[in-house]
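Take a look at the letters that make up each chain.
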Amino acid sequence: MTATARPALDVAAIRREFPILATEARGRPLVYLDSAATSQKPRSVVEALSDFYLTSNSNVHRSVHHLAERATTAFESARARVARFVGAPAPECVVWTRGTTEALNLVANAWGSRNVGPGDAILLTEMEHHANLVPWQMLAKRTGARLRFVPVTDDGRLDLEAAHARLAERPKVFAFTAKSNVLGTENPVAGLCRAARAAGTVTVVDGAQALPHGPVDVTALGCDFFAFSGHKALGPMGVGALVCRREMYDAMDPWQGGGEMIRRVRLEESTYAEAPIRFEAGTPAAADAVALAAALDFLERCDPAAVHAHEVRLTAIAMEALRPLGVRILGPEDPADRAGIVTFDVPGLHPHDVATLLDGRGIAVRAGHHCAQPLMKRFGVVATTRASFYLYNTEDEAAALADGVRAAVEYFRR
Ligand code: 7TS
């Protein structure tokens, strides 16, 4: 996911598709710099969602009537859309989930419970979101497995030498983020997966921050599992997917039981449907899945590589303007390695105060631990302020962030 020379995005045209960006916050034009938490949604996504309910609403996979067939076709086409977007070989590789968190819990349960035992090592990293820590802690507790961690360097990268040393110990699984939600760091996923495969280690990639912000090809990455959320990629909340290498299904047990995921049910026991349906108990978020497909259409039209290059540019502008203010920016120096995310600490100022002052200027950022408490600890802070950019943000908004932080610094210096 490197920046390449691409035609610049037509940001003005893109912004017209996001009515919310033309609204005001605190009497000022909204400057939305919190897309790492959730992105805004273009008109086409909201329309896909309402169209489903207005013209196709029915439960999927259950009935033979006309509407049920329409809904099922739309839902399964959306699955194929996801597979195409991430470079998976077939729609069957895509399991619908509520998002990244549920996808990671699915792996830890469906694959983990069968394959991880007492004394086995589970390899994670210090830069994980809680969603890629807690399910593995729970698995370790259940099974008696050991947790191991790849450390993070002072400049916010994975310590690759340590990663390779830990992989040489042949852990059962290596679960790591493709891109940190705090540091922005883009990890060398393909290389890590290659090394893991050589060690006989299964790979689980948290793609929550990667998929929205640049091209993804799970086949080229060579991972066994790839998790992401729709809502960070212009899609609705409540839908995401776990993309699986098909062979992995043979090593997984069903995890949630209920309707749809079965073949035959008797009072005492049941047999199960084929994957991916086997892992989709109950009524799915069909309308949201269809709207997610519309989101991926939108992203693809914008060109994920161009989106990435645009975010690198905004990140560079923000970092350059913030540095002279004496703020400490966490993560890699080079904006190209951390597109779209600028997390910083203003010495002497509480992040919530910084965020509140920015909010007074209509600027939305996130303050807190960003669901990465161990990473905060690694950098000796309890909380930080995070600005995150997306395809609809402008250079003026990146500059407005720095102006706001400058004003906050001056306000508290008085
Ligand atoms: N993994 C990463 C790297 C994330 O950034 C997030 C959400 C998740 C997993 C969980 O995704 P979910 O959609 O299942 O909740 N990150 C953030 C964030 O940085 N601010 O708010 C949510």
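Refer to the structure above for everything that follows.
Chains are numbered independently. Their residues run from 1 in the order of the written sequence. Two thresholds apply to this predicted model, a pLDDT of at least 70 for residue-level local features and 80 or more for giving and counting side-chain atom pairs, whereas whole-chain, interface and lining totals are computed over all residues. Processing note: side-chain calculations cover all non-hydrogen atoms of the structure and skip hydrogens and water entirely.

Considerations on the packing of aromatic side chains
Two aromatic rings, taken as a pair, are described by how far apart their centres are and by the angle between their planes. Note the cut-off: When the centres of two rings from Phe, Tyr and Trp lie within 6.5 Å, Trp using its six-membered ring, the rings pair. Their planes under 30 degrees apart give stacked, over 60 give edge-to-face, and anything left gives tilted. Under the DSSP-based scheme used, a helix requires at least four consecutive residues in state H or I and a strand at least two consecutive residues in state E, with every element numbered from the N terminus. Each residue is placed in one exposure class: buried if its accessible area under a 1.4 Å probe, protein chains only, is under 20% of its type's maximum, exposed if it is over 50%, and partly exposed if it falls in between. Either the NZ atom of lysine or the CZ atom of arginine qualifies as a charge over a ring when it sits within 6 Å of the ring centre and within 35 degrees of the ring normal.
Applying the stated rule across the entire model yields 8 aromatic pairs. Relative to Phe298, the ring of Phe18 has its centre 5.6 Å away and its plane inclined at 85 degrees; by these criteria the two rings are edge-to-face. Of this pair, Phe18 sits in the loop between helix H1 (11-16) and strand S1 (24-25) while Phe298 sits in helix H9 (residues 286-302), and the two are 280 residues apart along the sequence. Of the residues examined, Phe298 reaches a relative accessible area of 6% and is grouped as buried. For the pair Tyr390 and Tyr392, a centre-to-centre distance of 5.5 Å together with 70 degrees between the ring planes defines the contact as edge-to-face. Site record: aromatic cluster; members linked through ring pairs are Phe18, Phe298, Tyr390 and Tyr392. Sitting over the face of the ring of Phe379, Arg378 holds its NZ or CZ atom 4.8 Å from the ring centroid.

As for the site of the ligand
Put simply, the rule is: Being near a molecule or strand, for a residue, means having at least one of its heavy atoms within 4 Å of it. Polar contacts here mean pairs of N or O atoms no more than 3.5 Å apart (in protein, one a potential hydrogen donor and the other a potential acceptor; neighbouring residues in sequence count only if both atoms are side-chain atoms). Per-residue accessibility takes into account occlusion by the displayed protein chains alone, with areas from the Shrake-Rupley method and a 1.4 Å probe. Following the grouping adopted for this structure description, the nonpolar residues are Ala, Val, Leu, Ile, Met, Phe, Trp, Tyr, Cys and Pro, the charged ones are Asp, Glu, Lys and Arg, and the polar ones are all others, Gly among them.
For the ligand, the set of nearby residues contains 16 residues, the closest of which are Thr101, Asp206, Ser229, Arg366 and Arg386. Interatomic distance of 2.6 Å between a side-chain N/O atom of Ser229 and an oxygen atom of the ligand. Contact with the protein chains removes 87% of the 490 Å² of surface that the ligand exposes when unbound. In terms of residue class, the shell around the ligand is made up of 4 nonpolar, 8 polar and 4 charged.

Here we look at the side chain of Asp224
What counts, and what does not: In what follows, a contact means two residues having at least one pair of non-hydrogen atoms within 4.5 Å.
With respect to the element layout, Asp224 can be found in the loop between helix H8 (218-221) and strand S9 (225-229). A polar contact is formed between the side chain of Asp224 and the backbone nitrogen of Thr203, at a distance of 2.9 Å. For Asp224, the residues in contact, after removing those within four places along its chain, are Arg197, Thr201, Val202, Thr203, Val243, Cys244, Arg245 and Met248.

A word on empty space enclosed by the protein
We apply this condition: Here a cavity means grid points, on a 1 Å grid over the protein atoms only, where a 1.4 Å probe fits yet cannot get out; a pocket means an open set of points with protein on both sides within 12 Å along at least five of seven lines; lining residues are those with an atom within 4 Å of a point. Grid points are joined across faces, edges and corners, and a volume is the space filled by probe spheres set on the points.
Under the counting rule described, the total for this entry stands at 2 cavities of 30 Å³ or more. Around the largest cavity sit Val60, His61, Arg62, Phe75, Glu260, Ile277, Glu280, Gly282 and Pro284, which together line it. Quantified by volume, the second largest cavity comes out at close to 30 Å³. Forming the walls of the second largest cavity are Ala121, Leu123, Arg148, Arg166, Glu169 and Pro171. Among the residues making up the lining of the second largest cavity, the classes are represented as 3 nonpolar, no polar and 3 charged.

Thoughts on the sheet that holds strand S17 (residues 384-388)
Across a sheet, strands are paired by hydrogen bonds formed along the backbone, either parallel or antiparallel in direction. For clarity, the cut-off: Paired strands are those between which DSSP finds at least two bridges. Axis definition: a line fitted to C-alpha atoms, over the contacting stretch in the case of helices. Angles run 0 to 180 degrees between N-to-C directions.
Pairing in this open sheet of 4 strands is antiparallel, and the strands run S13-S14-S17-S16 from one edge to the other. The open sheet has two edge strands with one neighbour each: strand S13 (328-330) and strand S16 (366-368). Sheet twist, expressed as the mean angle between neighbouring strand axes with direction ignored, is 30 degrees. Direction of pairing for strand S14 (residues 341-345) relative to S17: antiparallel, over a ladder of 4 bridges. Paired with Phe344 across the strands is Thr385, a residue of S17. With respect to the sheet, helix H10 (residues 304-322) is in contact with S13 and S14, its orientation differing from that of S14 by roughly 15 degrees. The sheet contacts of helix H11 (residues 351-360) involve S14, S16 and S17, and relative to S16 the element is tilted by about 160 degrees.

Observations concerning the layout of surface pockets
Within this model, the second largest pocket holds a volume of roughly 280 Å³. Forming the boundary of the second largest pocket are 19 residues, of which Thr100, Thr101, Ala208, Ser229 and Lys232 lie nearest the centre. The dominant element in the lining of the second largest pocket, judged by the number of residues it contributes, is helix H4 (residues 100-115), at 3 residues. In terms of residue class, the lining of the second largest pocket is made up of 3 nonpolar, 11 polar and 5 charged.

Observations concerning unusual backbone geometry
Following Ala275, the chain continues into Pro276 via a peptide bond in cis, with omega recorded as 5 degrees. With respect to the helices and strands, the residue Pro276 is situated in the loop between strand S12 (270-272) and H9. For Arg26, which is not a glycine, the phi torsion comes out positive at approximately 55 degrees. For Arg26, the location among the structural elements is in the loop between S1 and strand S2 (28-29). What makes Arg26 exposed here is its relative accessible area of 61%. Positive phi is not limited to glycine here, since His370 has a value of about 55 degrees. With respect to the element layout, His370 can be found in the loop between S16 and helix H12 (373-378). You can call His370 buried: its relative accessible area is 0%.

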